[in-house]
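Here's the letter readout for the chains.
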Amino acid sequence: METIGLIGGMSFESSAVYYRLVNEMVRARKGGLASAELILHSVNFEEIIALQKAGDWAGATRRLGDVAERLQAGGAGCVLICTNTMHLIAEEVAARISVPLIHIIDETAKSLHAAGRKRPLLLATRYTMEHRFYADRMKNLGLDIMVPNAADRTTVHDIIFNELCAGWVHDRSREKLIDIIDRAMENGADSIILGCTEICLILDPDRLPLQGFDTTAIHARAAVEFALGAEEEAEEEAA
């Protein structure tokens, strides 16, 4: 089994979900009390938020790049940045290591294509919805991303940072998100990307007006596929 390297803490609420999902998926695949070989480096989210607000993406790259190098030095066979927003600098972080960086946008695009979806609504932080890194990468992968209007983007962003990252889940906020989804459906959205790794705390992708794609679960599953791939191939050859 390959060791999975997780860059977490952004926020630790979603990192805990990653840890649980990865281990549950390994146990489901291997049986018994099997669990994942993984290394989690959890950063101080306040420091990352300060870099985001300042637009200091070079500083963020240095910070996460250093963490990625430590994970590789500790034996990680792959690295995941456990947040959508910081994939703005994913390519720069990937350049600091020689093991694969499993990209959350690419893996989400694969799931959308497999389901035959073309025009998903993206619910995420303001950085993810408004910077072009997400939409442009999806466009290059054949998908046309929709984002909410300006007022709704503020609502989604505030729910993420002021509530979900602090561990608070409110029914009224869930209703606001469903209203945003309903408006997007009227404007032609055919699916929903839970494009922030905390949104799974408040929205169940299987209980939405449109088909939902939980990027946290998709990313965790891709890590498990990578970690177990070589081992299961060897087992098949031995059999």
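Here is a short report on the structure shown in this document. (Residues numbered from 1 in each chain as written. Predicted model: local features only at pLDDT ≥ 70, side-chain atom pairs only at ≥ 80, totals over all residues. Heavy atoms only, no water.)

**Points about the pairing of strand S3 (residues 78–81)**
Working note: regular strand, side chains alternate between the two faces of the sheet. Neither face of S3 is open: one carries Cys 78 and Leu 80, the other Val 79 and Ile 81, and all of them are buried. Pairing analysis gives four bridges linking strand S1 (residues 4–8) to S3, with the strands arranged parallel. The residue bridging Gly 5 from the neighbouring strand is Val 79, located in S3. (Buried < 20%, exposed > 50% of the residue type's maximum accessible area, 1.4 Å probe, protein only. Helix = DSSP H or I, 4+ residues; strand = E, 2+ residues; numbered from the N terminus. Pairing = 2+ DSSP bridges.)

**Observations concerning helix H2 (residues 45–54)**
All buried positions along H2 are accounted for by Phe 45, Ile 48, Ile 49, Leu 51 and Gln 52. Down the axis, H2 shows its buried residues gathered within 160° of arc, on one side only. Turned more than 90 degrees from where H2 packs its buried face, Glu 46, Lys 53 and Ala 54 sit exposed. Of the residues flanking the start of H2, the one acting as N-cap is Asn 44, its side-chain oxygen 3.1 Å from the backbone nitrogen of Glu 46. Looking one or two places after H2, you find Gly 55, whose phi comes out positive at around 70°. (Arc of directions from axis to C-beta. Polar contact = N/O pair within 3.5 Å; in protein donor to acceptor, adjacent residues only side chain to side chain.)

**Some points on the packing of aromatic side chains**
As enumerated under the stated definition, the model contains three aromatic pairs in all. With a centroid separation of 6.1 Å and 20° between ring planes, the pair formed by Phe 45 and Phe 161 is classed as stacked. Of this pair, Phe 45 sits in helix H2 while Phe 161 sits in helix H8 (residues 150–163); the two residues are 116 residues apart in sequence, bridging distant segments of the chain. Aromatic side chains Phe 133 and Tyr 134 sit 6.1 Å apart centroid to centroid with 75° between the ring planes, which places their arrangement in the edge-to-face category. Accessibility classification places Phe 133 together with Tyr 134 in one group, the buried group. (Phe/Tyr/Trp six-rings, centres within 6.5 Å; stacked < 30°, edge-to-face > 60°.)

**Looking at the packing of H2 against helix H3 (residues 57–73)**
Running from N to C, H2 and H3 point in directions that differ by 150°, and their axes come no closer than 8 Å. Between H2 and H3, the crossing angle belongs to the class labelled roughly antiparallel. Of the residues in H3, those in contact with Glu 47, Ile 48, Leu 51 and Gln 52 of H2 are Trp 57, Gly 59, Ala 60, Arg 63 and Leu 64. Each residue belonging to the contact of H2 with H3 can be placed in one class, and the counts come to five nonpolar, two polar and two charged. (Axes fitted to C-alpha atoms, helices over the stretch in contact; angles between N-to-C directions. Parallel < 35°, antiparallel > 145°, perpendicular 65-115°, else oblique. Contact = heavy atoms within 4.5 Å. Nonpolar A, V, L, I, M, F, W, Y, C, P; charged D, E, K, R; others polar.)

**Some details on the environment of Ala 150**
Residue position: Ala 150 is located in helix H8. With a relative accessible area of 47%, Ala 150 lands in the partly exposed category. Expressed as a C-alpha distance, the spacing of Ala 150 and Arg 126, which sit 24 residues apart in the sequence, is 9.4 Å.

**As for helix H7 (residues 132–140)**
All of the buried residues along H7 are Phe 133, Tyr 134, Ala 135 and Met 138. Looking one or two residues beyond H7, the residue adopting positive phi is Gly 142, at roughly 90°.

**A word on unusual backbone geometry**
Following Met 10, the chain continues to Ser 11 via a peptide bond in cis, the omega torsion being 0°. If you trace the backbone, Ser 11 turns up in the loop between S1 and helix H1 (12–30).

**Concerning the side chain of Thr 108**
With respect to the helices, strands and loops of the structure, Thr 108 is situated in helix H5 (residues 104–114). Within the structure, the side chain of Thr 108 is placed 2.8 Å from the backbone oxygen of Ile 104, a separation counted as a polar contact. Residue contacts for Thr 108: discarding those within four places in its chain leaves Tyr 134, Met 138, Ile 193, Thr 215 and Ile 218.

**A look at the sheet that holds strand S4 (residues 120–123)**
In spatial order, the strands read S4-S5-S6; together these three strands make up an open sheet with parallel pairing. On the outer flanks of this sheet lie S4 and strand S6 (212–214), each paired with one strand and no other. Here the strands of the sheet are splayed against their neighbours by 20° on average, with no regard to which way each runs. By the bridge criterion, four bridges tie S4 to strand S5 (residues 191–194) in an arrangement that is parallel. Looking at S5, one finds that Leu 121 is bridged to Ile 192. Across the face of the sheet, H5 comes into contact with S4, S5 and S6 while running at roughly 160° to S5.

**Some words on the pattern of salt bridges**
Here the structure, examined in full by the defined rule, presents 15 salt bridges. Of the charged contacts in the structure, one is a salt bridge between Arg 137 and Glu 91, with a shortest N-O distance of 2.9 Å. Placement of Arg 137 in helix H7 and of Glu 91 in helix H4 (residues 90–94) is noted, with a sequence separation of 46 residues between them. For Arg 137, a relative accessible area of 24% translates into the label partly exposed. What makes Glu 91 exposed here is its relative accessible area of 55%. (Salt bridge = Lys/Arg side-chain N within 4 Å of Asp/Glu carboxyl O.)

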